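Breakdown of the fold
The lines below spell out each chain.
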Amino acid sequence: MWYHKPAINEELLQSLPNLKVVASSGVGIDHLDLKLLCRYGVKVSNTPFIVSTDTADMGMALLLASSRRLVEGHEMAVSPDTEYFPADWLGVEVSGATLGIVGMGTIGYKVAERAKAFEMKILYHNRNQRKKEEESAVGAVYCKKIEDLLQQSDFVLLAVNLTPQTHKLIGKRELELMKPTATLINISRGLIVDQDALVEALQNKIIKAAALDVTYPEPLPRDHPLLKMKNVIVTPHIGSATKKTRWVMMEEMTESIQAGLAGLPVPREVL
């Protein structure tokens, strides 16, 4: 499967009685009905680890681009209407700012490692607290309640899996808890955020800005409000989109398929 295609539903499974394994690219499995696949005796694999470095890089890229208003700055610099650069056109400092990471798995932790190099203060919210030595290595402080993280953070970065529990995890209430100077960054799944609530929060200056590598749907309708806001950066779900990573993803998927066909243990099997 690539970009969630083809759709694995009962009709397809009935038409493929000899199907042994589904190899899905990337880390997310929210597009798969694991119970249905299990019922048909089909094994599932994904490529969770190879994407983490590039996706963490993307998270920091979005944070920096949003804070320093790179997209707006580029448009100003190349515009045929620009006659001078205004002295009061300012961004937001990153060094010394507080980053709140929601989801401290492999990707979230790699973001923390990068943020430490930028001398950021790091908070995180996760289902389980990390080991003390892992926290110390990046200077991260655990917030048991997401509310505490939202209230304190200058940047809130989402790096959680999409599950029924995280569906629209960030809604109107959560956005209102954030600082009016805060930026929301999403590198996980679009449905983690209530987009209607996000539009309202940005329009009413409840939060300052948003930087999104993921939305719902993808791509957004061309008349969607998020595409018209200067304080929003939207990229086309390219967290893992580097040549090397995409090549290795293909290799890992092929390896899983070959193992499944040979009746061997499937590498990176999703259980």
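No experiment lies behind these values; they were computed from the predicted model shown. (Residues numbered from 1 in each chain as written. Predicted model: local features only at pLDDT ≥ 70, side-chain atom pairs only at ≥ 80, totals over all residues. Heavy atoms only, no water.)

In globular proteins that are soluble, nonpolar side chains generally tend to be buried together. Core analysis: the biggest nonpolar cluster contains 29 residues, and Leu175, Leu184, Leu198 and Leu226 have the highest contact counts within it. At the level of elements, α7 (146-152), β6 (155-158), α9 (195-203) and β8 (209-212) are the ones that each hand at least two residues to this core. The dominant element in this core, judged by the number of residues it contributes, is α9, at 5 residues. Excluding residues within four positions of it along the chain, leucine 184 makes contact with Val156, Leu158, Ile170, Leu175, Met178, Val193, Leu198, Ile207, Ala209, Ala210 and Ala211. Judged by nonpolar contacts, the second largest core, of 28 residues, contains Leu63, Leu99, Ala115 and Ala159. (Core = buried A, V, L, I, M, F, W, Y, C linked by side-chain atoms within 4.5 Å. Buried < 20%, exposed > 50% of the residue type's maximum accessible area, 1.4 Å probe, protein only. Helix = DSSP H or I, 4+ residues; strand = E, 2+ residues; numbered from the N terminus. Contact = heavy atoms within 4.5 Å.)

UniProt's feature table lists "domain: D-isomer specific 2-hydroxyacid dehydrogenase catalytic" (unreviewed entry) at residues 2-270, given in the numbering used throughout. The distance separating the terminal C-alpha atoms of residues 2-270 is 16 Å; by composition the span is 36% helix and 13% strand. (UniProt positions renumbered as here; feature names shortened; annotations may be inferred.)

Each assigned domain of the chain is listed here: domain 1 (10-49 + 242-262) and domain 2 (52-82 + 90-234). On a C-alpha basis, the centroid separation for the pair domain 1 and domain 2 is 30 Å. If you look at the interface, domain 1 gives 6 residues, while domain 2 gives 4 residues. Summed over both partners, the interface of domain 1 with domain 2 comes to about 540 Å²; 39% of that surface belongs to carbon and sulfur atoms. When the buried area of domain 1 at its contact with domain 2 is split by residue, Val27, Asp30 and Phe49 rank highest and sum to 65% of it. On the surface where domain 1 and domain 2 come into contact, there are 1 salt bridge. Of the charged contacts in the structure, one is a salt bridge between aspartate 30 and arginine 189, with a shortest N-O distance of 3.1 Å. At the boundary of domain 1 with domain 2, the tally comes to 4 residue pairs in polar contact (both at pLDDT 80 or more). A breakdown of the residues in the side of domain 1 that touches domain 2 according to their chemical character gives 2 nonpolar, 3 polar and 1 charged. (Domains from an automatic or database assignment. Buried area = accessible area lost by both parts, 1.4 Å probe. Salt bridge = Lys/Arg side-chain N within 4 Å of Asp/Glu carboxyl O. Polar contact = N/O pair within 3.5 Å; in protein donor to acceptor, adjacent residues only side chain to side chain. Nonpolar A, V, L, I, M, F, W, Y, C, P; charged D, E, K, R; others polar.)

Turning next to helix α3 (residues 52-67). Between its first and last C-alpha, α3 extends 23 Å over 16 residues, near the 22 Å set by a 1.5 Å rise per residue. Most of α3 is tucked away, with 12 of its 16 residues classed as buried. (Expected span 1.5 Å × (residues − 1).)

UniProt records the feature "domain: D-isomer specific 2-hydroxyacid dehydrogenase NAD-binding" (unreviewed entry) at residues 60-239, using the numbering of this structure. Secondary structure content for residues 60-239 is 32% helix and 16% strand, while the C-alpha to C-alpha distance between its ends is 11 Å.

Attention now goes to the sheet that holds strand β9 (residues 232-234). Across the sheet, which stays open at both edges, the 7 strands sit in the order β5-β4-β3-β6-β7-β8-β9 with parallel pairing between neighbours. Looking along the sheet, the strands with just one partner apiece sit at the ends: β5 (140-142) and β9. Pairs of neighbouring strands in the sheet enclose a mean axial angle of 20°, with direction left out of account. Two strands pair when backbone bridges link them, and β6 and strand β7 (residues 183-186) are joined in this way by 4 bridges, in the parallel orientation. If you follow phenylalanine 155 over to β7, its bridge partner there is threonine 183. (Pairing = 2+ DSSP bridges. Axes fitted to C-alpha atoms, helices over the stretch in contact; angles between N-to-C directions.)

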